[in-house]
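# Close look at the chain arrangement
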Number of protein chains: 2
Amino acid sequence: MKTAVIDLTHGSGGKAMSDLVASLFLRAFDNPALNKKNDQALLDRPGGRIVMATDSHVVTPLFFPGGDIGSLSVHGTINDVAMAGAWPVALSAGFILEEGFPLDDLERIALSMALAAREAGVPIVTGDTKVVERGKGDGVFITTTGIGVVPEGLDFSGDRCRPGDQVLVSGTIGDHAMALLAVRERIAFDPPLLSDTAALHTLVARMVESVPEIRCLRDPTRGGVGAALNEWAQQSGAGFRIREEAVPVREPVFSACELLGLDPLHLANEGKLLAVCPRERAGELLEAMRSHPLGREAAVIGEVTDDPGQFVEVETTLGGARLLDWIRGDQLPRIC
Amino acid sequence: MKTAVIDLTHGSGGKAMSDLVASLFLRAFDNPALNKKNDQALLDRPGGRIVMATDSHVVTPLFFPGGDIGSLSVHGTINDVAMAGAWPVALSAGFILEEGFPLDDLERIALSMALAAREAGVPIVTGDTKVVERGKGDGVFITTTGIGVVPEGLDFSGDRCRPGDQVLVSGTIGDHAMALLAVRERIAFDPPLLSDTAALHTLVARMVESVPEIRCLRDPTRGGVGAALNEWAQQSGAGFRIREEAVPVREPVFSACELLGLDPLHLANEGKLLAVCPRERAGELLEAMRSHPLGREAAVIGEVTDDPGQFVEVETTLGGARLLDWIRGDQLPRIC
């Protein structure tokens, strides 16, 4: 039997596209705003300032242990919205499909997005579908955009880090990147290593409720903890000092990093966040994080320093110190 | 001299990506929300209900007479937002770049987006950049998402068309598709035919001010006027009757359609809108449209009919009638 695949008519604006959208996306994402079938979604008047975030997803392979491009595209954008302390209220999704892509795979991805959106309580309210010729794309790319509402008084931003502030991470790092690397390079982990892909907005809500004085949050995706801290250092004009032994890393991830010469602090995560807060509130924030399923392994990993050079320094387990720079080159392309 | 091109490090989350974003996108799109350099943009509390729309742009060629993928990606999404009667307030942009894409071309596109956004008064407040390997993309794809605020009391939707309502178009149709076709197929027009790509929100604002009773608006992009009317017919459970001779078509577009066996009613537009309004307000709406530079050639082209079959019928110039169906297949792939 011939497998049904995407062809150029699915991107034509005609009947084939309309049928694809109705039979697949509308059915999977089912919600009142989307079901109106207009070219845009109408949402209620939001009760506060809004945030907007967007992420294009080009991860390869499309399906990986612990997730797929669908769940990742929902979680990734919800997390970018949540990192402003916001409650996400709606998502849009733009699909760029390659001619010949199996409809079965597209359906599996759509259902995974629908499940992730439903579990997170954030509807996919509008979207768009384009098709490119065979060899001009790579299966499917998904760009999701999210909007969320920020509670009154919150103003998280990467330029608010002050010397003495504490740095917390919500759990083990490197799981997503290593799970993908294992699939790509056929490294066998037993049990298999899973991506940590997850929506973090409920964790953020608990943190904000407990410690509204949080300076800033970030989900360390591409470039990992290293890139996130270097960005904050630049934005705030301060330095960071991280204690390597305080950073939670799963044993298999740690071992694989040793073997492959990778630094866990440079590996991408899709279900973890970094937080900076005033020193005197760090204990309370840690407690709030640990009380949430997605923050059970949270830890204080270091602090902001008064360093005009804006360096991110790591105290190694052996008692030495090294600089944690941005990664140069691309360790692991198309991780998200 | 070697031309600077995109490589995989530009998508790594590391220094190369940060530098690309800073030197190119931040400089081109320059605005307070974006300049905060967070992973999301914070916007003021909007004064009403909001709409959200997204469009992935895969147009080929990237540069065409009258525009490019950059201006198109700004106009397209502003228009989807505006078709809800909304005033657009912010855009996001997700870039999927192919390894080897010339940085000069990317800069030209970013500057074109910046100019389009500035002319429209709608800032690009957040974005994302991914890079895929050579042969896994096609130069650049741009997914833009827009949000806008809907004035109190407006509720445009494609399911509100009622028999007797009048259908208006804001100007000549088919210009965008034919301009692209001319480039692709090396058809010479003298003077060259230009895409109509334009942001329609100021036209919409004038229309709404004059006739708030408008039922619905749509920009007939892929699939053209035919697809838009068939969608409305389905949504409203009504039919449409269009008078072919009333539909404005530029002479060269008309001639080329005759020659190539194309129907202007199926051709994509990027700077035109269709409107449906109650019969008694059609004159006033037409006058409002014609008073705006982007609506000077507006016309009443037909009406909504009481047709349970939900057919879109065209009265031909010869006095006959034909059904205007959705296009089957894809006349012209990657038009936007």
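So, a few notes on the structure that sits alongside this text. (Residues numbered from 1 in each chain as written. Chains lettered and ligands numbered in written order. Predicted model: local features only at pLDDT ≥ 70, side-chain atom pairs only at ≥ 80, totals over all residues. Heavy atoms only, no water.)

A separate point is the pattern of salt bridges. The final tally for this structure, using the stated rule, is 41 salt bridges over all chains. For A:Glu244, the salt bridge goes to A:Arg322, with nearest N and O atoms at 2.6 Å. One end of the pair, A:Glu244, is in the loop between strand S10 (239–243) and helix H8 (251–260); the other, A:Arg322, is in strand S14 (residues 321–323), with 78 residues separating them in the sequence. Residue A:Glu244 is classed as partly exposed on the basis of its relative accessible area of 25%. Through salt bridges that share partners, A:Asp55, A:Arg222, B:Asp128 and B:Lys130 make up one connected network. (Salt bridge = Lys/Arg side-chain N within 4 Å of Asp/Glu carboxyl O. Helix = DSSP H or I, 4+ residues; strand = E, 2+ residues; numbered from the N terminus. Buried < 20%, exposed > 50% of the residue type's maximum accessible area, 1.4 Å probe, protein only.)

Residue and element names in this part refer to chain A. Most of strand S7 (residues 140–150) sits inside the fold, with 11 of its 11 residues counted as buried. Alternating residues of S7 divide into Val-140, Ile-142, Thr-144, Gly-146, Gly-148 and Val-150 and Phe-141, Thr-143, Thr-145, Ile-147 and Val-149, and every residue in both groups is buried. In terms of strand pairing, strand S2 (residues 49–57) meets S7 through 9 bridges, oriented antiparallel. Within the sheet, the bridge partner assigned to Thr-54 lies in S7 and is Thr-145. Looking at chain direction, strand S5 (residues 87–98) and S7 are connected through 10 bridges and run antiparallel. Its bridge partner being in S7, Trp-87 is matched across the sheet by Val-149. (Pairing = 2+ DSSP bridges.)

Before going further, it helps to spend a moment on the packing of aromatic side chains. Evaluated as defined, the whole model comprises 7 aromatic pairs over all chains. With a centroid separation of 4.3 Å and an interplanar angle of 20°, the aromatic rings of B:Phe25 and B:Phe95 are classed as stacked. Placement of the pair is B:Phe25 in helix H1 (residues 15–29) and B:Phe95 in strand S5 (residues 87–98), with a sequence separation of 70 residues. Here B:Phe25 falls in the buried class, since its relative accessible area comes to 5%. Linked through ring pairs, A:Phe25, A:Phe29 and A:Phe95 together constitute an aromatic cluster. (Phe/Tyr/Trp six-rings, centres within 6.5 Å; stacked < 30°, edge-to-face > 60°.)

Attention shifts here to the interface of chain A and chain B. Often, the extent of an interface is quoted as the loss of accessible area upon association of its parts. Opposite the 81 residues of chain A that make contact, chain B presents 81 residues. Together chain A and chain B conceal approximately 6500 Å² of surface at their shared face, both sides included; 54% is due to carbon and sulfur atoms. The interface formed by chain A and chain B includes 11 salt bridges. In this structure, the connection of chain A to chain B is made through 24 residue pairs in polar contact (both at pLDDT 80 or more). When its residues are assigned to classes, the side of chain A that touches chain B shows 30 nonpolar, 28 polar and 23 charged. (Contact = heavy atoms within 4.5 Å. Buried area = accessible area lost by both parts, 1.4 Å probe. Polar contact = N/O pair within 3.5 Å; in protein donor to acceptor, adjacent residues only side chain to side chain. Nonpolar A, V, L, I, M, F, W, Y, C, P; charged D, E, K, R; others polar.)

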